[in-house]
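# Observations on the model geometry
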Amino acid sequence: MTTKETLPPRLTTTAGAPVADNQNSLTAGLRGPVLMQDWQLIEKLAHQNRERIPERVVHAKGWGAHGVLRITGDISHLTCAAALQPGAETPMIARFSTVAGEMGAADHERDVRGFALKFYTQEGNWDLVGNNTPVFFVRDPMKFPDFIHTQKRHPRTNLRSTTAMWDFWSLTPESLHQVTMLFSDRGLPVSPVHMNGYGSHAYSLWTSGGARVWVKFHFKTRQGHRHYTNAEAREVVGRTREGYQEALFGAIEAGEFPQWTVQVQIMTQPQAEAFPFNPFDLTKVWPHAEFPPIEIGVLELNRNPDNYFTEIEQLAFSPSNVVRGIGHSPDRMLQGRIFSYADAHRYRLGTHYEALPVNRPRCPVHHYHKDGAMRFFENATNPDAYYEPNSFDGPRQDPSFAEPLLDLQGPAGRFDHRDSIDDFTQPRALFLLFDQAQKARLFDNIAESMRGVPADIAERQIGLFQQVHPEFGAGVCAALDELDPQF
Ligand code: NDP
């Protein structure tokens, strides 16, 4: 028998007034028109019109879950970051994504995957906004909008253009490393839990004593690497366009919590100066032999969001969010992203996006930013202290949180970032890791994508593959010939 306590809640308007009839509009008689004074109807229709916000320009399609970072190693001699101390357990949330597709894109497309993490530390939110690859297509943020234009739709045809993609890549030799990864097996993971994550950029770790080292973060899947071939992915997409959401949500609902081993690579300043490549170049890795990965913990995802929109769509990451003990590096792409990410959220979500429940730090927040659209949170301090300095016990700076100095002196100028740079050695090292079957799939994947692009563009790109390794250039040529003997 239904008791009063178990009755469903009473329906109200957004202003809290109980609704007597949610079935019939207010009309003039049984057959007459709707009256404009039907404020209940207007509220419903107006809300529906506003149910969408701008999707992200990149990384629009995403899947996420809550979890925890557990630190099992000891790098306390390198950093005072609370979340990286031995035994620390920090709540976090992850969002995985494809880069190019829109919100309705199929999950199983060949693309780089975003691997973005927000750690709710005791001393503020730390965001590590990485990918499933350790490198990127460009090293200078000046080229990022151009690169993304090539991944998005052509202005006239409104179709994605492989001509634009290969034109840009063939004119951008620093993209070779990432292009090789993208068209290798790892360019099409079976699900978000079957891929690695990489912080990608160099960051820094620092101690309260003022010592700083450079660091790269890696998250190695414990579920094993699993990938689809293009043909397998086509078959899967024919059945479901939401395979990643199904896999991630389903695994966590079933209590199969995915885990990643957390590793860091450490580079000292003298090592950075002696390194043959610019260690802050996002198109390069730090070789494991020289900078061995150190295991420091485990990342586990163990709770699905209750509301996709509020917890994943409104989830806002920014590499600007670092905390005591973790700093940035001279990586230019990182600096571009420090601006771009927060700027994108101010546009998509509004000025006060960091006060939204999923973005809100789990530690006290005291700032002097004042009003603006959707300023919905309470004054945290004495309302007379709305400027600084003040005599009303308003929040004060704490010099014990000061980051050690970063020596970045040099003449300002627009230096040619391609001048005397070796873009071939590291893609070659990757290519030589592949066995014959992996190489054959790499050639086929590239040829399938390159098919139909103008011959001069294809030839320019093959010239670059040739410089990585003669077998690479010849393999792509042979695969193209097989697809299209006229090529
Ligand atoms: P190692 O042999 O020590 O490391 C090779 C790395 O390559 C491993 O981490 C492995 O990942 C990863 N790998 C294997 N297959 C692929 C693939 N298809 N796509 C992307 N990564 C793959 O050599 P080095 O450190 O000297 O690096 C050699 C090359 O390996 C680099 O030029 C780079 O292209 C690639 N690589 C290097 C990384 C690094 O941080 N040093 C990280 C990732 C790739 P896993 O451990 O998961 O098997």
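Cut-offs used in this document
Residues numbered from 1 in each chain as written. Predicted model: local features only at pLDDT ≥ 70, side-chain atom pairs only at ≥ 80, totals over all residues. Heavy atoms only, no water. Axes fitted to C-alpha atoms, helices over the stretch in contact; angles between N-to-C directions. Helix = DSSP H or I, 4+ residues; strand = E, 2+ residues; numbered from the N terminus. Parallel < 35°, antiparallel > 145°, perpendicular 65-115°, else oblique. Contact = heavy atoms within 4.5 Å. Nonpolar A, V, L, I, M, F, W, Y, C, P; charged D, E, K, R; others polar. Near = heavy atom within 4 Å. Polar contact = N/O pair within 3.5 Å; in protein donor to acceptor, adjacent residues only side chain to side chain. Areas by Shrake-Rupley, 256 points an atom, 1.4 Å probe, with all protein chains shown as cover. Pairing = 2+ DSSP bridges. Patch = residues over 30% accessible without salt bridge, like charges linked within 9 Å, V, L, I, M, F, W, Y side chains within 5 Å. Salt bridge = Lys/Arg side-chain N within 4 Å of Asp/Glu carboxyl O. Buried < 20%, exposed > 50% of the residue type's maximum accessible area, 1.4 Å probe, protein only. 1 Å grid on protein atoms, 1.4 Å probe; cavity = no way out; pocket = protein on both sides within 12 Å on 5 of 7 lines; lining within 4 Å. Points joined across faces, edges and corners; volume = space filled by probe spheres on them.

## Here's the deal with the packing of helix α12 (residues 455–468) against helix α13 (residues 470–483)
Across the interface, α12 lies against α13 with an axial gap of 4 Å and an inter-helix angle of 140°. When the axes of α12 and α13 are compared, the pair comes out oblique. Of the residues in α13, those touching α12 at Ile462, Phe465, Gln466 and Val468 are Pro470, Phe472, Gly473, Ala474, Val476, Cys477 and Leu480. When grouped by side-chain class, the residues that make up the contact of α12 with α13 number nine nonpolar, two polar and no charged.

## Comments concerning the site of the ligand
Taken together, 20 residues lie near the ligand, and His177, Asn196, Trp286, His288 and Gln426 sit nearest. Interatomic distance of 3.0 Å between a side-chain N/O atom of His225 and an oxygen atom of the ligand. Trp286 places a polar main-chain atom, nitrogen or oxygen, 3.0 Å from a nitrogen atom of the ligand. Alone, the ligand offers 790 Å² of accessible surface; in the complex the protein occludes 77% of this.

## A few points about the pairing of strand β9 (residues 294–303)
Side-chain positions along a regular strand alternate between the two faces of the sheet. Here strand β1 (residues 62–71) runs beside β9; their pairing, made up of six bridges, is antiparallel. Opposite Ile71, over in β9, you have Gly297 as the bridge partner. Relative to β9, strand β8 (residues 259–267) runs antiparallel, the two sharing six bridges. Bridging from a neighbouring strand, Thr261 pairs with Val298 of β9.

## Side note on a nonpolar patch on the surface
Taken together, the side chains of Tyr386, Tyr387 and Phe392 present a nonpolar region at the surface, about 310 Å² in accessible area. Position of Phe392 among the secondary structure elements: in the loop between α9 (332–348) and α10 (425–431). Of the residues examined, Phe392 reaches a relative accessible area of 35% and is grouped as partly exposed.

## Looking at the pattern of salt bridges
For the coordinates displayed, the defined rule picks out 24 salt bridges. The residue Asp185 makes a salt bridge to Arg441 at a minimum N-O spacing of 2.8 Å. Here Arg441 lies in helix α11 (residues 436–450) and Asp185 lies in the loop between α4 (176–182) and β5 (197–198), a separation of 256 residues in the sequence. Between Arg375 and Asp371 there is a salt bridge; the shortest N-O distance is 4.0 Å. A residue is classified by how much of its surface remains accessible, and Arg375, at 26% relative accessible area, is partly exposed. With relative accessibility at 52%, the residue Asp371 sits in the exposed group. What emerges from the salt-bridge pattern is a single network uniting Arg139, Asp281, Lys284 and Asp423.

## So, the layout of surface pockets
Here the largest pocket is characterised by a volume of approximately 1500 Å³. Around the largest pocket sit 44 residues that line it, and Pro364, Val365, His366, His367 and His369 are the ones nearest its centre. Of all the secondary-structure elements, those providing two or more residues to the lining of the largest pocket are β4 (124–131) and α9. Among the residues making up the lining of the largest pocket, the classes are represented as 18 nonpolar, 16 polar and 10 charged. Here the second largest pocket defines a volume of roughly 1000 Å³. Along the walls of the second largest pocket sit 33 residues, with Asn278, Phe280, Pro330, Arg332 and Phe415 positioned nearest its centre. Secondary-structure elements contributing two or more residues to the lining of the second largest pocket are β7 (212–221), α7 (269–274) and α9. Here the lining of the second largest pocket is built from residues that sort into 15 nonpolar, seven polar and 11 charged.

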